[in-house]
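Below are the chains, spelled out letter by letter.
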Amino acid sequence: MTISRIHTVKKTILLVIMAGIGLAGPVFSQQKKTVQLEIGFHGSYFLVFDDAGWGYGSSVKLLLPMEGNENYITAGLTLDRLRENRWFSAVPEPVRLINAVGGYRKMLRNFFVEPQMGIGFMIETDKAEVRWESDRTYAIMNLFPGIESGVYLGKTTISLGYRLNFRDPFEDAVYSIFSIKAGYRFGRK
């Protein structure tokens, strides 16, 4: 997948999210609760093969209230920058993940559990080992499951998450990503 194709895919994801927001407005507008926007930052630890890595990222999530209860339908975008600690690489190369995620947030007073499903893109650049070779950038797309669980502290959200991301066709690798996230919600309850 080329870089221009990746930009086209990113634009398509954003258009789908914006269309969902536009269509969801009239459906949820007659409720007491309003739509909320949650912005978060997270640190990640991930496993691939026998190696581990670390990273950080940010997320934007839309919380659409469901009629008659305290639960939410969620839609969001997560950006991650991970650094692999590969034993065979002198300089660990960054891996960028772009995920569009949808879920159902089940509220239990101030606690929540949110099963998720998403589509993700992994963008990785392998640096050339010798000067006359060029760097190789590739992108991989897949569907993935995830779960997030946390607590509301006023408008602040603290949560733990898990995603089973990306099967890498070049290495037959599965990325298990664990993260701790802090977020802030905008909008009335």
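What you are looking at is a predicted structure, and each value in this text was computed from that prediction instead of being measured.

The rules behind these values
- Residues numbered from 1 in each chain as written.
- Predicted model: local features only at pLDDT ≥ 70, side-chain atom pairs only at ≥ 80, totals over all residues.
- Heavy atoms only, no water.
- Core = buried A, V, L, I, M, F, W, Y, C linked by side-chain atoms within 4.5 Å.
- Buried < 20%, exposed > 50% of the residue type's maximum accessible area, 1.4 Å probe, protein only.
- Helix = DSSP H or I, 4+ residues; strand = E, 2+ residues; numbered from the N terminus.
- Contact = heavy atoms within 4.5 Å.
- Polar contact = N/O pair within 3.5 Å; in protein donor to acceptor, adjacent residues only side chain to side chain.
- Phe/Tyr/Trp six-rings, centres within 6.5 Å; stacked < 30°, edge-to-face > 60°.
- Lys NZ or Arg CZ within 6 Å of the ring centre and 35° of its normal.
- pLDDT = per-residue confidence, 0-100.
- Salt bridge = Lys/Arg side-chain N within 4 Å of Asp/Glu carboxyl O.
- 1 Å grid on protein atoms, 1.4 Å probe; cavity = no way out; pocket = protein on both sides within 12 Å on 5 of 7 lines; lining within 4 Å.
- Points joined across faces, edges and corners; volume = space filled by probe spheres on them.
- Nonpolar A, V, L, I, M, F, W, Y, C, P; charged D, E, K, R; others polar.

**Observations regarding the nonpolar core**
Moving on, step 1. In this structure, Phe 46, Val 48, Leu 82, Val 95, Leu 97, Met 122, Tyr 138, Ile 140, Tyr 175 and Ile 177 together form the largest nonpolar core, which totals 10 residues.
Moving on, step 2. Secondary-structure elements contributing two or more residues to this core are strand 1 (36-48), strand 4 (94-108), strand 6 (136-153) and strand 8 (173-186).
Moving on, step 3. Tyr 72, Met 107, Phe 112 and Tyr 152 belong to the second-largest nonpolar core, a separate cluster that totals 5 residues.

**Observations concerning the environment of Thr 74**
Moving on, step 1. In this structure, Thr 74 sits in strand 3 (residues 72-84).
Moving on, step 2. Take Thr 74: its relative accessible area is 5%, and that puts it in the buried class.
Moving on, step 3. A sequence separation of 30 residues divides Thr 74 from Tyr 104, and the C-alpha atoms of the two residues are 5.9 Å apart.
Moving on, step 4. Apart from residues no more than four positions distant in its own chain, Thr 74 is found in contact with Lys 61, Leu 62, Leu 63, Val 101, Gly 102, Gly 103, Tyr 104, Arg 105 and Glu 114.
Moving on, step 5. One polar contact links Thr 74 to Glu 114, side chain to side chain, over a distance of 2.8 Å.

**Remarks on the packing of aromatic side chains**
Moving on, step 1. Within this structure, the stated rule accounts for 3 aromatic pairs.
Moving on, step 2. Between Phe 112 and Tyr 152, the ring centres sit 5.6 Å apart and the planes meet at 45°, which makes this aromatic pair tilted. One end of the pair, Phe 112, is in strand 5 (residues 111-126); the other, Tyr 152, is in strand 6, with 40 residues separating them in the sequence. For the pair Phe 112 and Tyr 152, a shared accessibility class is recorded, and that class is buried.
Moving on, step 3. For the pair Tyr 162 and Phe 178, a centre-to-centre distance of 5.0 Å together with 45° between the ring planes defines the contact as tilted. Placement of the pair is Tyr 162 in strand 7 (residues 156-168) and Phe 178 in strand 8, with a sequence separation of 16 residues.
Moving on, step 4. For Phe 178, a relative accessible area of 37% translates into the label partly exposed.
Moving on, step 5. Seen from the ring of Phe 112, Arg 105 lies directly overhead, with NZ or CZ sitting 3.9 Å from the centre.
Moving on, step 6. Stacked on the ring of Tyr 152, the Lys or Arg Arg 185 has its end atom at 3.6 Å from the ring centre.

**Re the environment of Ile 147**
Moving on, step 1. Residue placement: Ile 147 occurs in strand 6.
Moving on, step 2. Relative accessible area serves as the criterion here: at 40%, Ile 147 is assigned to the partly exposed category.
Moving on, step 3. Between the C-alpha atoms of Ile 147 and Pro 115, which are 32 residues apart in sequence, the distance is 4.4 Å.
Moving on, step 4. For Ile 147, the contacting residues outside a window of four places in its chain are Val 113, Glu 114, Pro 115, Gln 116, Leu 160, Gly 161 and Tyr 162.

**Quick word on the confidence of the model for the protein**
Moving on, step 1. On average, residues of the protein carry a pLDDT of 79, and 67% of them reach 70 or more.
Moving on, step 2. Under a pLDDT of 50 for its full length, residues 26-31 has, in the predicted model, 6 contacts with residues more than four places off or in other chains.

**Observations concerning the pattern of salt bridges**
Moving on, step 1. Per the counting criterion, the structure on display carries 7 salt bridges.
Moving on, step 2. Taken together, the salt bridges that share partners define one network made up of Glu 38, Lys 61, Arg 105, Glu 114, Glu 148 and Lys 181.

**Some words on empty space enclosed by the protein**
Moving on, step 1. Enumeration over the complete set of coordinates arrives at 1 cavity of 30 Å³ or more.
Moving on, step 2. Lining the largest cavity are 18 residues, with Thr 78, Gln 116, Glu 148, Arg 163 and Lys 181 sitting closest to its centre.
Moving on, step 3. Among the elements of the structure, strand 2 (51-65), strand 3, strand 6, strand 7 and strand 8 are those that each provide at least two residues to the lining of the largest cavity.
Moving on, step 4. By residue number, the principal contributor to the lining of the largest cavity is strand 7, which donates 5 residues.
Moving on, step 5. Of the residues belonging to the lining of the largest cavity, the class tally is 6 nonpolar, 8 polar and 4 charged.

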